[in-house]
Each structure stands twice: as structure tokens, then as C-alpha cells.
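These are the residues of each chain, in order.
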Amino acid sequence: MNPVRSSLRHPWWSIAVAAALAASPRAARAQHADRTFFTRRDVVATGIALAGTALVFQFDERIARWTQQPSVQGTPSRRELAKDLTLINETPFTFGALATYGIGRLAHSGTTADVGLHLTESLVLTTAIGQVIRGALGRARPSSAVDGPTTHRFGRGYTDFEYRSFPSLHAATAFAASAAAVEEIRLRNPGAVRWAGPLLYGAASVPGFTRLYLNKHWASDIAAGSFLGAMLGIKTVRYAHSRPRTKLDRFMLGASVSPGPDGGARVSFAFK
């Protein structure tokens, strides 16, 4: 089996982040508490992001032509590598986050379980919002866009994969996972952010580039998805750590996982 493809089946990235956080004794607590999940600052940030996306939109067609040039496409092995890397999407990210949560419960590590749960929450929220937006807008992917970047059919994205271009869910979930992980690190071990931030955000940019290379997204799709994921990843962690635990957190983090008599796992829940 291809080693790249095989490695993407395992939640190595989330386990590594959780292990690093578990080594830090600092309690996680956000400095500022917002009354609501979304604030006026988020509205301003979203407006700036939309303006930036509109600017990138002006170059969508030019960037798409450039990525499809023979000199950029290169050899068949380069294309195979891009196909392997594009497997980094919402599915392995979510399974990785869930695995981190499960490992934390099995190992009785509150920090690991907490990180895994908030990563999962940010990914589920990002995926749900992203699917609603791209389904409703129905923007055509570059490979199917008859009229270029403006090709769209409102609502068609819910039934046709080729009309789910905006925003890129690959970029959104990658940045959601990285942003949530960076925020967890910032709360527990701020000094590690100087190297963890560039590393995680750099890795988050890879899926977006592969989608451009494979002609599956416009550059503005990647820009919008990156912002959406980063904002929701950051907001999910900060909201969770700036107030008393929500009912969901109390329920999930009060879960106890232990080996079952038949070799499986037994899960019990208790509010904390």
C-alpha cells in the first residue's frame, strides 16, 4: 500500500498534538469570555474575509490556468502524490479527533479527551456550515464550469458533487483542526505556539493546494474555506474554555471508557 495513503488512515497528527498538550501542567482557561458564540468582532472579520475572497475571485481563472500548465502538473508521480494528499479531508480529520477523544478517555487523560472533543466539535460545526453554504450556492468546480468562475446553479450543490465548489471543505476542515489545536496549545503552553502555529497552519494549507492542482476548486474557494475553518476552530475552543462547561462537554468528558469482558470497550456516562 502507498505509504502516504496508508498514513492518512491514522490520526497521527491529533495524537501528537494531544500528547504534547498532556505534558503541560497549565490549566486551560481563556482570558476573555464572550457572551455569545459569535460577536461583533466576528462580523467585522467576516466582512474583511469576504472582501479578500472577492479580491481573489478576480484572479480565479488566471490561477486555474496556471495550475493546469504542463510545467506545473509535472510527472504522473507528482499527480499521484497530489491525489494521495487530497485524502486529507473532513473524514480522516474527524476520525482522528474522535480517536483522540477516545484515547483520552481510555487513558484517563482529561487533557487529551478535552482536546479531542473540541477538535471534533469544531470539525462537525465547520463541515455542517460548509455543506449548507456550498449546497445552496451551487458554484461549479473548475473542471465543470462552462462559463468560468461565475458558473453556478443555486441549490444544485445539494444533489450534484460538481456544484459544491464554494467554499472548499478540504481547506475549511484542515484549518478548523489546525486552528483548534493551536488554540488548545495557546491556552495550556503559550510558548509552544511560536513553533506549533506555523507548523500546523502550514500543514493546513496543503489540502487547498492539492485541490487547486487537481482542478477541483477555484482559488477563492480555498480562501473562503480557510477563513471559515480557522474562525470556527478558534471560536469553538475559546468559547468552550471561557465559561463553565456546556451540557455536552459535561456529558462527554464525564464518560468513562473501560475494557469490556468480551475484549471490547465499555462506555458509561456521568455528569461532572
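Analysis parameters
Residues numbered from 1 in each chain as written. Predicted model: local features only at pLDDT ≥ 70, side-chain atom pairs only at ≥ 80, totals over all residues. Heavy atoms only, no water. Core = buried A, V, L, I, M, F, W, Y, C linked by side-chain atoms within 4.5 Å. Buried < 20%, exposed > 50% of the residue type's maximum accessible area, 1.4 Å probe, protein only. Helix = DSSP H or I, 4+ residues; strand = E, 2+ residues; numbered from the N terminus. Salt bridge = Lys/Arg side-chain N within 4 Å of Asp/Glu carboxyl O. Axes fitted to C-alpha atoms, helices over the stretch in contact; angles between N-to-C directions. Left-handed = near helix turned anticlockwise from the far one by under 90°. Contact = heavy atoms within 4.5 Å. Nonpolar A, V, L, I, M, F, W, Y, C, P; charged D, E, K, R; others polar. Phe/Tyr/Trp six-rings, centres within 6.5 Å; stacked < 30°, edge-to-face > 60°. Expected span 1.5 Å × (residues − 1).

Asker: For this particular structure, what's the right way to read the nonpolar core?
Answerer: Soluble globular proteins tend to bury their nonpolar side chains together. Ranked by size, the top nonpolar core spans 23 residues in total, and within it Phe-93, Leu-119, Leu-123, Ile-185 and Leu-200 carry the most contacts. When contributions to this core are tallied by element, the ones reaching two or more residues are α7 (90-106), α8 (110-137), α9 (169-188), α10 (193-213) and α11 (219-241). The greatest single-element share of this core, amounting to 10 residues, is contributed by α9. Of all hydrophobic cores here, the second largest spans 5 residues; its members include Ala-64, Ala-140, Ala-145 and Tyr-163.

Asker: Would you mind showing me how to read the pattern of salt bridges here?
Answerer: As a working rule, side chains carrying opposite charge can pair if their charged atoms are close by. On inspection of all chains with the given rule, the structure shows 9 salt bridges. We note a salt bridge from Glu-80 to Lys-83, for which the minimum N-O separation is 3.9 Å. Note that Glu-80 and Lys-83 are positioned in helix α6 (residues 76-85) at a spacing of 3 residues, about one turn of the helix. Judged by relative accessible area, which is 42%, Glu-80 ranks as partly exposed. Arg-186 serves as the salt-bridge partner of Glu-183, at 3.1 Å between the closest nitrogen and oxygen. In this pair, Glu-183 and Arg-186 both sit in helix α9, 3 residues apart, roughly one turn of the helix. Here Arg-186 falls in the partly exposed class, since its relative accessible area comes to 36%.

Asker: Help me understand the packing of α9 against α11, please; the structure alone is not making it clear to me.
Answerer: The description of two helices packed together rests on the angle between their axes and the distance between the axes. Their axes nearest at 7 Å, the elements α9 and α11 cross at an angle of 35 degrees. Between α9 and α11 lies a crossing whose hand is right-handed. Residues Ala-171, Ala-172, Phe-175, Ala-176, Ala-179, Ala-180, Glu-183, Glu-184, Arg-186, Leu-187 and Arg-188 of α9 touch α11, and the partners they reach there are Ile-222, Gly-225, Ser-226, Leu-228, Gly-229, Ala-230, Gly-233, Ile-234, Val-237, Arg-238 and His-241. Tallied by class, the residues present in the contact of α9 with α11 amount to 12 nonpolar, 5 polar and 5 charged.

Asker: Just checking my understanding: could you explain the packing of aromatic side chains for this structure?
Answerer: Scanning the model with the defined rule gives 3 aromatic pairs in all. Between the aromatic rings of Phe-37 and Phe-38, the centroid separation amounts to 4.9 Å while the plane-to-plane angle is 80 degrees, which identifies the pairing as edge-to-face.

Asker: Help me understand unusual backbone geometry in this model?
Answerer: The phi torsion of most residues other than glycine is negative, and most of the peptide bonds are trans. Of note, the amide linkage connecting Phe-166 to Pro-167 takes the cis form, showing an omega dihedral of -5 degrees. Tracing the backbone through its elements, the reader meets Pro-167 in the loop between α8 and α9. Of note, Asn-215 is a non-glycine position whose phi angle comes to about 65 degrees, a positive value. Here Asn-215 shows up in the loop between α10 and α11. Asn-215 sits in the buried class, given a relative accessible area of 16%.

Asker: Mind showing me how you'd approach the side chain of Thr-126 here?
Answerer: Residue position: Thr-126 is located in helix α8. Classification of Thr-126 as buried rests on a relative accessible area of 0%. Contacts of Thr-126, omitting those with residues within four sequence positions, involve Leu-169, Ala-172, Thr-173, Ala-176, Leu-228, Gly-229 and Leu-232.

Asker: Is there a simple way to think about the environment of Gly-225 in this case?
Answerer: By secondary structure assignment, the location of Gly-225 is in helix α11. By relative accessible area, which is 0% here, Gly-225 ends up buried. Here the alpha-carbon distance between Gly-225 and Ala-174, two residues 51 residues apart in the chain, equals 9.1 Å. If we ignore the near neighbours within four places in the chain, the residues touching Gly-225 are Pro-167, Ser-168, Ala-171 and Ala-172.

Asker: Help me understand α10 in this model?
Answerer: A turn of α-helix holds 3.6 residues, and therefore any two residues three or four places apart point the same way. Its 21 residues give α10 an end-to-end C-alpha distance of 30 Å, which sits within 8% of 30 Å, the value for a rise of 1.5 Å per residue. What α10 keeps buried is the set Val-193, Ala-196, Gly-197, Leu-200, Ala-204, Pro-207, Gly-208, Thr-210, Arg-211, Leu-212 and Tyr-213. Asn-215 sits one or two positions beyond α10 and adopts a positive phi of about 65 degrees.

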